[in-house]
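# Overview (structure and organization)
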Number of protein chains: 4
Amino acid sequence: MGKQCAFIGLGVMGYPMAGHLQNAGHSVSVFNRTTAKAEKWSKEFSGNYGKTPAEAVKNADFVMVCVGNDEDVRSVFYGDDGLLSKLKPGAVVIDHTTASAELARELELAVKEKEGSFLDAPVSGGQAGAENGVLTAMVGGSDKTFAAADELFQCYAKTRQLMGPVGSGQLAKMVNQICIAGVLQGLSEGLQLARKVGLDPDKLIAAISKGAAGSWQMENRYKTMWDNHYEHGFAVDWMRKDLKIALAEADRQGVSLPATALIDQFYADVQKMGGNRWDTSSLLARLEK
Amino acid sequence: MGKQCAFIGLGVMGYPMAGHLQNAGHSVSVFNRTTAKAEKWSKEFSGNYGKTPAEAVKNADFVMVCVGNDEDVRSVFYGDDGLLSKLKPGAVVIDHTTASAELARELELAVKEKEGSFLDAPVSGGQAGAENGVLTAMVGGSDKTFAAADELFQCYAKTRQLMGPVGSGQLAKMVNQICIAGVLQGLSEGLQLARKVGLDPDKLIAAISKGAAGSWQMENRYKTMWDNHYEHGFAVDWMRKDLKIALAEADRQGVSLPATALIDQFYADVQKMGGNRWDTSSLLARLEK
Amino acid sequence: MGKQCAFIGLGVMGYPMAGHLQNAGHSVSVFNRTTAKAEKWSKEFSGNYGKTPAEAVKNADFVMVCVGNDEDVRSVFYGDDGLLSKLKPGAVVIDHTTASAELARELELAVKEKEGSFLDAPVSGGQAGAENGVLTAMVGGSDKTFAAADELFQCYAKTRQLMGPVGSGQLAKMVNQICIAGVLQGLSEGLQLARKVGLDPDKLIAAISKGAAGSWQMENRYKTMWDNHYEHGFAVDWMRKDLKIALAEADRQGVSLPATALIDQFYADVQKMGGNRWDTSSLLARLEK
Amino acid sequence: MGKQCAFIGLGVMGYPMAGHLQNAGHSVSVFNRTTAKAEKWSKEFSGNYGKTPAEAVKNADFVMVCVGNDEDVRSVFYGDDGLLSKLKPGAVVIDHTTASAELARELELAVKEKEGSFLDAPVSGGQAGAENGVLTAMVGGSDKTFAAADELFQCYAKTRQLMGPVGSGQLAKMVNQICIAGVLQGLSEGLQLARKVGLDPDKLIAAISKGAAGSWQMENRYKTMWDNHYEHGFAVDWMRKDLKIALAEADRQGVSLPATALIDQFYADVQKMGGNRWDTSSLLARLEK
Ligand SMILES: NC(=O)C1=CN([C@@H]2O[C@H](COP(=O)(O)OP(=O)(O)OC[C@H]3O[C@@H](n4cnc5c(N)ncnc54)[C@H](OP(=O)(O)O)[C@@H]3O)[C@@H](O)[C@H]2O)C=CC1
Ligand SMILES: NC(=O)C1=CN([C@@H]2O[C@H](COP(=O)(O)OP(=O)(O)OC[C@H]3O[C@@H](n4cnc5c(N)ncnc54)[C@H](OP(=O)(O)O)[C@@H]3O)[C@@H](O)[C@H]2O)C=CC1
Ligand SMILES: NC(=O)C1=CN([C@@H]2O[C@H](COP(=O)(O)OP(=O)(O)OC[C@H]3O[C@@H](n4cnc5c(N)ncnc54)[C@H](OP(=O)(O)O)[C@@H]3O)[C@@H](O)[C@H]2O)C=CC1
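Residues numbered from 1 in each chain as written. Chains lettered and ligands numbered in written order. Predicted model: local features only at pLDDT ≥ 70, side-chain atom pairs only at ≥ 80, totals over all residues. Heavy atoms only, no water.

Here we come to the packing of helix 1 (residues 14-23) of chain B against helix 2 (residues 35-45) of chain B. Residue and element names in this part refer to chain B. For the pair helix 1 and helix 2, interaxial distance at closest approach is 10 Å and the crossing angle is 30°. With respect to their mutual orientation, helix 1 and helix 2 come out roughly parallel. When the axes of helix 1 and helix 2 are compared, the crossing they make is right-handed. Contacts between helix 1 and helix 2 involve Tyr15, Ala18, Gly19, Gln22 and Asn23 from the former and Lys37, Lys40, Trp41, Glu44 and Phe45 from the latter. (Axes fitted to C-alpha atoms, helices over the stretch in contact; angles between N-to-C directions. Helix = DSSP H or I, 4+ residues; strand = E, 2+ residues; numbered from the N terminus. Parallel < 35°, antiparallel > 145°, perpendicular 65-115°, else oblique. Left-handed = near helix turned anticlockwise from the far one by under 90°. Contact = heavy atoms within 4.5 Å.)

A few words now on the site of ligand 2. Residue and element names in this part refer to chain C. In the neighbourhood of ligand 2, 24 residues make up the surrounding shell, with Val12, Asn32, Thr34, Lys37 and Gly68 lying closest. Between ligand 2 and the protein, one listed contact pairs an oxygen atom with a side-chain N or O atom of Thr34 at 2.4 Å. Here an oxygen atom of ligand 2 sits 3.2 Å away from a polar atom, N or O, in the main chain of Val67. Alone, ligand 2 offers 900 Å² of accessible surface; in the complex the protein occludes 87% of this. (Near = heavy atom within 4 Å. Polar contact = N/O pair within 3.5 Å; in protein donor to acceptor, adjacent residues only side chain to side chain. Areas by Shrake-Rupley, 256 points an atom, 1.4 Å probe, with all protein chains shown as cover.)

Our next topic: the UniProt feature "active site" (unreviewed entry) in chain A. Mapped onto this numbering, the UniProt entry gives "active site" (unreviewed entry) at Lys173 of chain A. Residues within four places of Lys173 of chain A in sequence aside, it is in contact with Thr98, Pro122, Val123, Ser124, Met138 and Asp242 of chain A. (UniProt positions renumbered as here; feature names shortened; annotations may be inferred.)

Residues and elements named next belong to chain B. Relative to the elements of secondary structure, Asn132 occurs in the loop between helix 6 (126-131) and strand 8 (135-140). Residue classification places Asn132 among the exposed positions, given a relative accessible area of 54%. It is 36 Å that separates the C-alpha atoms of Asn132 and Glu113, two residues lying 19 residues apart in sequence. (Buried < 20%, exposed > 50% of the residue type's maximum accessible area, 1.4 Å probe, protein only.)

Take the site of ligand 1 next. Residue and element names in this part refer to chain A. Around ligand 1, a shell composed of 25 residues is seen, among which Val12, Asn32, Thr34, Lys37 and Gly68 lie nearest. Arg33 is positioned such that a nitrogen or oxygen atom in its side chain is 2.9 Å from an oxygen atom of ligand 1. Taking Val67, its main chain carries an N or O atom lying 3.2 Å from an oxygen atom of ligand 1. With the chains in place, 88% of the 900 Å² that ligand 1 exposes on its own is no longer accessible. Broken down by secondary-structure element, the contributors of at least two residues to the shell around ligand 1 are helix 4 (70-77), helix 6 (126-131) and helix 11 (236-253). Here the shell around ligand 1 spans two domains, since at least three of its residues come from each of domain 1 (4-165) and domain 2 (171-288). (Domains from an automatic or database assignment.)

All right, on to the UniProt feature "domain: 6-phosphogluconate dehydrogenase NADP-binding" (unreviewed entry) in chain A then. Under the feature "domain: 6-phosphogluconate dehydrogenase NADP-binding" (unreviewed entry), the UniProt entry names residues 5-161 of chain A. Taken end to end, residues 5-161 of chain A has its terminal C-alpha atoms 21 Å apart, with 41% of it in helix and 23% in strand.

When the parts come together, some accessible area is lost, and that loss is often what is quoted as the size of the interface. Of the residues lining the interface, 16 residues belong to chain B; the matching set on chain D comes to 16 residues. Both faces considered, chain B and chain D share a buried interface measuring about 1200 Å² in area, 53% of it formed by carbon and sulfur atoms. Summed over the three residues of chain B that lose the most area to chain D, namely Asp251, Ser256 and Gln265 of chain B, the buried surface amounts to 41% of that side. If you look at where chain B meets chain D, you find four salt bridges. Linking chain B with chain D are eight residue pairs in polar contact (both at pLDDT 80 or more). Counting residues per element, the ones that place at least two in the side of chain B that touches chain D are helix 11 (236-253) and helix 12 (258-272) of chain B. The element that contributes the greatest number of residues to the side of chain B that touches chain D is helix 12 of chain B, accounting for eight residues. Here the side of chain B that touches chain D is composed, by residue class, of eight nonpolar, three polar and five charged. (Buried area = accessible area lost by both parts, 1.4 Å probe. Salt bridge = Lys/Arg side-chain N within 4 Å of Asp/Glu carboxyl O. Nonpolar A, V, L, I, M, F, W, Y, C, P; charged D, E, K, R; others polar.)

Our focus in this paragraph is the relation of the copies chain A and chain B. With an RMSD of 0.0 Å, chain A superimposes on chain B once it is rotated by 180° and translated 0.0 Å along the axis. Both copies are brought into coincidence by an operation consistent with a two-fold rotation axis. When the interface residues of chain A are mapped onto chain B, 100% of them again fall at the interface, so both copies present the same face. (Least-squares fit on C-alpha atoms with pLDDT ≥ 70 in both.)

Take the packing of aromatic side chains next. Two descriptors summarise a pair of aromatic rings, namely the distance from one centre to the other and the angle between the planes of the rings. Throughout the structure, instances matching the rule amount to 16 aromatic pairs over all chains. Grouped by ring-pair contacts, the aromatic residues Tyr15, Trp41 and Phe45 of chain A constitute a single cluster. The ring of Phe234 of chain B has Lys173 of chain B lying over it, and the distance from NZ or CZ to the ring centre is 5.9 Å. The cationic tip of Arg286 of chain D hangs over the ring face of Phe266 of chain D; the distance from NZ or CZ to the ring centre is 3.7 Å. (Phe/Tyr/Trp six-rings, centres within 6.5 Å; stacked < 30°, edge-to-face > 60°. Lys NZ or Arg CZ within 6 Å of the ring centre and 35° of its normal.)

With 57 residues of chain A in contact, the opposing surface of chain B contributes 57 residues. Buried surface at the junction of chain A and chain B, summed over both partners, amounts to about 4500 Å²; 71% is from carbon and sulfur atoms. Interface area lost by chain A to chain B is led by Glu189, Leu193 and Ala212 of chain A, which between them contribute 13%. The tally of links from chain A across to chain B stands at zero salt bridges.

Pasting the structure below:
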């Protein structure tokens, strides 16, 4: 049976995610800061929209959020028009934004005060994953809340993994981003050398991609990297936001992330080159500048 | 029909590789600096051995070498007892050692003078790959020589890729090692944070290993890394040798490898911890020291 | 003629700075969060103290602040007990805290609303500089305000440099800290090698300290570094605060600080060793761990 | 009383050094690979020259060498025309080249076989130091040999420091170069930020150069760095040679030099920009590219 849902934030990710929900038979009311997008969405998917987060969520048993960063999330939760102001008791609130674990813990308390329950559930899989409904969701929260929400997650996420208490989803996502940074810097340095010495990229990847050097990025990005094609994928600006979140958490935890910190600075060089919206694999462009 | 082969260097890799050759019906004469190992091999596989490289290769149409580094290779090629001194005209000489591309070019000339032909063919896949005969060989040389040798490569290498002229095999291997360094430093930083915040490693890897952060190392090493188990795999000392080769080639090519150079120093820290023979994934141990 | 002053924050730096002011004939009213220190100060220097920042500044024509970080500064400026609530029109407010340039600009506006004028004036020279009244002050603000305050700065700062508009003092201090990080990492790596190979440190420094490798840190810290003595000087925790400020400003400006970011992570390792209060030169201890 | 000397290598450094010796009343016979320079020198200073190192040294009681790198040194020592072939028994041989400590130990043995004694004595102070005779010499060898040579060192070196046994001069020079790398990367990052935010460089350096951030490079290079003027000073190519020597020694000693290794790669970027002969302070140009 269809659920009453609200979806806040119709960006590259949220727009198709909310669409999958509605298409699966749920009743979705959306909110987007720029109302035009909400109108477009509601036409395309025959769903409702609210003029404020509060209005969008007032009947919802499940509230999904997918906006930019911590501050953006706070701005849709709090205040007179914020979703908390009209949250139904018993509602499940899910934040799909990639944000800090601290924010997740803060929101859990705020949602509990409204007698709701909270999950942090950042996703991976990118625009394509969102459009094809095959994202991965890393979830933090209680078993019970996760079980309640999973039916909805299935509409857009192929893999859902409950990681632990609230915040754990964000922590898992941090690990994800840290790993990507290392993979991509190594791959970029390797491809840079390969190109300089004149190796054939297809033969190279055929030889090494199944072994100890292999990675998702190697298989899925070597061709675009070789072609200097970066106008796609996961944007450098988002990556730097995510790495900052990870670096701040590492500070809090007393661990050091030397390569991550260094590569974050290398991404600053990419931004200087105008690569704010380039795919994260553009570390190669920086090396070859 | 069985070929007359010689195999020089019966280490962790060479010993089983030479065994696979002999088992496949070829007639292999081995040489090892420490003769005891050659004797053991010849008993185990009913093959011959020579007391010098020269003696081992004197009847061979195919000569394989798999020793330590550039200097080691030179020491088995040159000199009165060196393999070049008794090389049969027309023989194919294959160097499986991970060494410099410059050495490969030097050896090609030396072998040509003896009317032979040369391939550089460093391998990946580790001890397990050698024992199970499923290595990957990255080969540099002519189409013709590669075609002649491929029947033999099949005895121990599942994947064989001709990369280009002599030296190209070594260059591909350098790219391989550079990529591994980046992957492993990122993975180590990620797992370090994961452990510190108390994430469950199996759930974490289930969530992230198929996506953009995924890598061979993540799938195959996260468990041993989590268990602080490094007494296996590809040794840090070898890795530093290989990274030095890559860094020197990069210098020659005028490219910079900032993360590779940094991670190479991190491996020096692992060596200080006594990790000379630990698997390359021990970068995590360094972070957690 | 003595001025009416207030001094907020009697830490390692503020306590002696306020003392020098009072000793020079000015009439100083202090505030410290932990009142005991304010009482001690007022006995030692025969000055007054307030129970809140507001109370301390109510008669002051010059208000100095020297607390910890941006947040601490905000907590003594704003709110019912904050210094702004009782600021005399025409007062000059000077922030000696090492903080962000953004905060300085924010405070300038807040002070202007109270008809006062503002200077950011972070200092260098450490505890000894504060105690001996020989600090360096890097000042941001107008010529006129600087000229008015300079008489007071002289009580504790030997060098005072107006750098430009409000915020410029903080920016200069950021440059200072960035330079220190590079100097100290290089010096630590150098001394580490020197110790390992058995060089005599006094002869070494005699030979190299006047030339191209020379630095204040080399001359003033090599001995304590060699003796593994770090219980003095400028604390690693403060340094990390300062480097974070610099890294955040660099992000805002679109410049990359690769070595600074890396060394900041190395300081995290020092913290893990228990070195939170160690001198910044303890990067050597990390290398030798 | 004037000594019989030979000086091998009349480059930027050797030419004026040999000149100072001759001017001080010693009898100097020079050798230079490119004979034209030796002829020019012998006219300018009324000294002799030989057509081979052997010829130049045959009457010398003191033999100075200042060529490029380890290999270059070997080429003037060994072989039929090498200086060892005609070395007078009892002669003191001094290598002023910046080279490895291992080479110094090798040369000591070779010179001892010819009944001579050896010092390694790399210098700092650059072209200006050489021309003005105010170099610093870091010397490895015995007290006795040092004492014998010091009179000659005084002709071109203001500071002479015996560091310990043969090799110690080179080791001290390595420490020197490591320290310079750190200082310059920090200074470059600092000045980059300063320029971006519009600080006045003279005021900035006035404020910070005497304190904890201060360095020889800051005082002597900030102006040329600010003016993007790098056509002077100590060349990046030489620096990379020296850093390689230091990194190799660190490997041998089991110490890690993470910042040095990273900065060495940054110098590779400078070389890519065409900066092979630029001053080492050109790390700033790289950041601002
Ligand atoms: N893009 C990707 O490939 C992936 C993104 N993510 C994460 O998902 C999140 C969303 O990314 P994406 O959809 O690409 O981002 P977009 O920039 O496409 O969309 C951002 C959305 O958030 C809204 N928003 C931003 N700030 C505010 C605010 N202050 N108040 C109200 N609404 C706000 C925007 O509204 P408006 O339309 O008015 O601007 C828009 O709907 C981010 O945290 C990102 O890191 C995770 C995995 C992959
Ligand atoms: N120490 C040094 O060598 C140098 C320090 N600096 C900078 O000077 C500043 C002060 O350093 P230092 O004196 O060493 O620091 P201390 O830790 O010794 O003292 C900090 C002072 O700030 C007060 N304070 C901190 N937080 C608050 C708050 N939220 N509300 C009210 N008061 C607060 C403390 O009060 P309480 O006594 O109650 O804790 C104390 O008086 C820092 O910005 C530091 O970076 C600059 C150059 C050198
Ligand atoms: N320049 C500087 O500021 C400083 C340099 N140094 C060190 O001093 C040494 C010399 O530097 P610099 O004088 O600047 O170098 P130059 O390049 O100006 O001169 C090098 C000298 O060595 C000779 N040479 C090089 N290779 C050979 C060889 N294979 N056989 C014979 N002669 C050879 C050259 O001969 P030819 O004329 O025929 O080319 C030339 O005389 C280097 O080790 C450098 O690192 C140390 C401190 C500062």
